[in-house]
Amino acid sequence: MSSMSRARVARRIAAGAAYGGGGIGLVGAAAMGVLLAEVRMAKRVVGNGHSPHPPSAEGLYGRAYGSRYGRPYSSYGNAYDAPDDPPLRLVMLGDSTAAGQGVTRSRQTPGALIAAGLAAVAERPVRLRNVALPGAQSDDLDRQVALVLEDPAQVPDVCVIMIGANDVTHRMPPTRSVRHLSAAVRRLRTAGTEVVVGTCPDLGTIEPVQQPLRWLARRASRQLAAAQTIGTVEQGGRTVSLGDLLGPEFEQNPRELFGPDNYHPSAEGYATAAMAVLPTVCAALGLWPAEEERPDVSRREGFLPVARAAAEAASEAGTEVTAAMPTGPRGPWALLKRRRRRRVPVPDPAPSAAAEAQPGA
């Protein structure tokens, strides 16, 4: 499917979500019987995508950046001698990918990797919270956002949302999926939180999945990712495409980038995703180098109608889309950027409720 065709489909889905439309399907009804049969077979092979509960990575990262005159931050994240410079607050929302399911160490989860990287770039401690739920679909975001915003004194500086895969596998209408995501982004942005959404990954890369499901899953994933981009950007958030990132790289290195269940990413896979998301998280907080904020024509960056930018982002690894001009001759416009990835610092073992270490320090 061409980028223009994907843009039209994504715009229809996003419009349906905004105006209460019901069921714009991602695949034709004739293919649904084959699709469901292939889904059941793939689930038996990968064990329904289940693995042990993801390790908790919540806590304070980069504590050394909060030390002044040799006096570190307390275990509650408040500096004894720097009360006006508290840790940045980062919250992960979404499904098993945001939670880090598939790895055994907290330091390997995307939340820990992003928190450590953000602390290194900001040279400031970062407090990580994770409310993501393995198996969650987009309709769980309402509950997750309520948890995030329950204490007005603890509103996050930035939230990272990774969701969409379960919407595709459970056949949630894409308009409904995007409606829930858009509402979540709107509530967070209204509360003053920056929002970065890692859009739906490419389900066509799951190794046990065979044709024709592989093609259908890839098509559905990319269509949903593009529609998620439109919905997010129109509510003031930013998106990073995980679909194509977790496509060719995962296809070429399935043993390295998929975990033991052949469904969730491995530690290397999560590191790849974190490297793609981190620059956008930093840019949202005004921490990225100013010279890299200008569009680079040589890298095919620039201003595009939001639907076209969304379609292009759904097909290329790590592409960021953020709101630009409020409107134009073809509707809202967006800035498309292909940011250079930077190495994500590997944190020390993550802090726990019992004892906090010093990740990212």
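Residues numbered from 1 in each chain as written. Predicted model: local features only at pLDDT ≥ 70, side-chain atom pairs only at ≥ 80, totals over all residues. Heavy atoms only, no water.

### Let's talk about the overall build of the chain
Inference 1: In terms of regular secondary structure, the chain is built from 12 helices and nine strands.
Inference 2: Excluding contacts between residues fewer than 6 apart, the proportion of contacts in the chain whose partners are at least 24 apart in sequence is 78%.
Inference 3: Surface summary for the chain: the accessible area is close to 15,200 Å², and the carbon and sulfur share equals 52%. (Helix = DSSP H or I, 4+ residues; strand = E, 2+ residues; numbered from the N terminus. Contact = heavy atoms within 4.5 Å. Areas by Shrake-Rupley, 256 points an atom, 1.4 Å probe, with all protein chains shown as cover.)

### Here we look at the nonpolar core
One recurring pattern in soluble globular proteins is that nonpolar side chains are buried together.
Inference 1: Among the nonpolar cores identified, the biggest contains 36 residues, and Leu90, Ile114, Leu118, Met162, Val277 and Val281 are the most heavily contacted of them.
Inference 2: Among the secondary structure elements, those contributing two or more residues to this core are strand E2 (88-94), helix H3 (96-99), helix H4 (110-122), strand E3 (126-130), strand E4 (158-162) and helix H11 (267-284).
Inference 3: Among the elements that take part in this core, H11 stands out by supplying 10 residues, more than any other.
Inference 4: Other than its neighbours up to four places away in sequence, Val281 contacts Ile114, Leu118, Val158, Val160 and Val196.
Inference 5: Core analysis: the next-biggest nonpolar cluster, separate from the first, contains 23 residues, Ala165, Val178, Val233 and Leu304 among them. (Core = buried A, V, L, I, M, F, W, Y, C linked by side-chain atoms within 4.5 Å. Buried < 20%, exposed > 50% of the residue type's maximum accessible area, 1.4 Å probe, protein only.)

### Some words on the packing of H4 against H11
How two helices sit against one another is set out by the angle between their axes and by the gap between those axes.
Inference 1: Two numbers describe how H4 lies on H11: the axes approach to 9 Å, and their chain directions differ by 40 degrees. The angle between H4 and H11 places the two elements in the oblique class. In terms of crossing hand, the pair formed by H4 and H11 is right-handed. Contacts between H4 and H11 involve Pro110, Leu113, Ile114, Gly117, Leu118 and Val121 from the former and Tyr270, Ala271, Ala274, Val277, Leu278, Val281 and Cys282 from the latter.
Inference 2: Across the contact of H4 with H11, the residue classes tally to 12 nonpolar, one polar and no charged. (Axes fitted to C-alpha atoms, helices over the stretch in contact; angles between N-to-C directions. Parallel < 35°, antiparallel > 145°, perpendicular 65-115°, else oblique. Left-handed = near helix turned anticlockwise from the far one by under 90°. Nonpolar A, V, L, I, M, F, W, Y, C, P; charged D, E, K, R; others polar.)

### Brief notes about the confidence of the model for the chain
Inference 1: Predicted confidence across the chain gives a mean pLDDT of 75, with 63% of residues reaching 70 or more.
Inference 2: Below pLDDT 50 for its whole length, residues 22-27 participates in 16 contacts with residues either more than four positions away or in separate chains.
Inference 3: Taken together, the stretch residues 73-84 has pLDDT below 50 and engages in 25 contacts with residues farther than four places along the chain or on a different chain. (pLDDT = per-residue confidence, 0-100.)

### Re the pattern of salt bridges
Inference 1: Taken as a whole, this structure holds eight salt bridges when the rule is applied.
Inference 2: The residue Asp142 makes a salt bridge to Arg187 at a minimum N-O spacing of 2.8 Å. Placement of Asp142 in helix H5 (residues 141-148) and of Arg187 in helix H7 (residues 174-190) is noted, with a sequence separation of 45 residues between them.
Inference 3: For Arg187, a relative accessible area of 31% gives the class partly exposed. (Salt bridge = Lys/Arg side-chain N within 4 Å of Asp/Glu carboxyl O.)

### Remarks on the pairing of E2
Inference 1: Buried residues dominate E2, accounting for six of its seven residues.
Inference 2: Relative to E3, E2 runs parallel, the two being bridged by five bridges. Opposite Leu90, over in E3, you have Leu128 as the bridge partner.
Inference 3: Note that E2 and E4 share five bridges and pair parallel. Across the sheet, residue Met92 finds its bridge partner in E4, namely Val160. (Pairing = 2+ DSSP bridges.)

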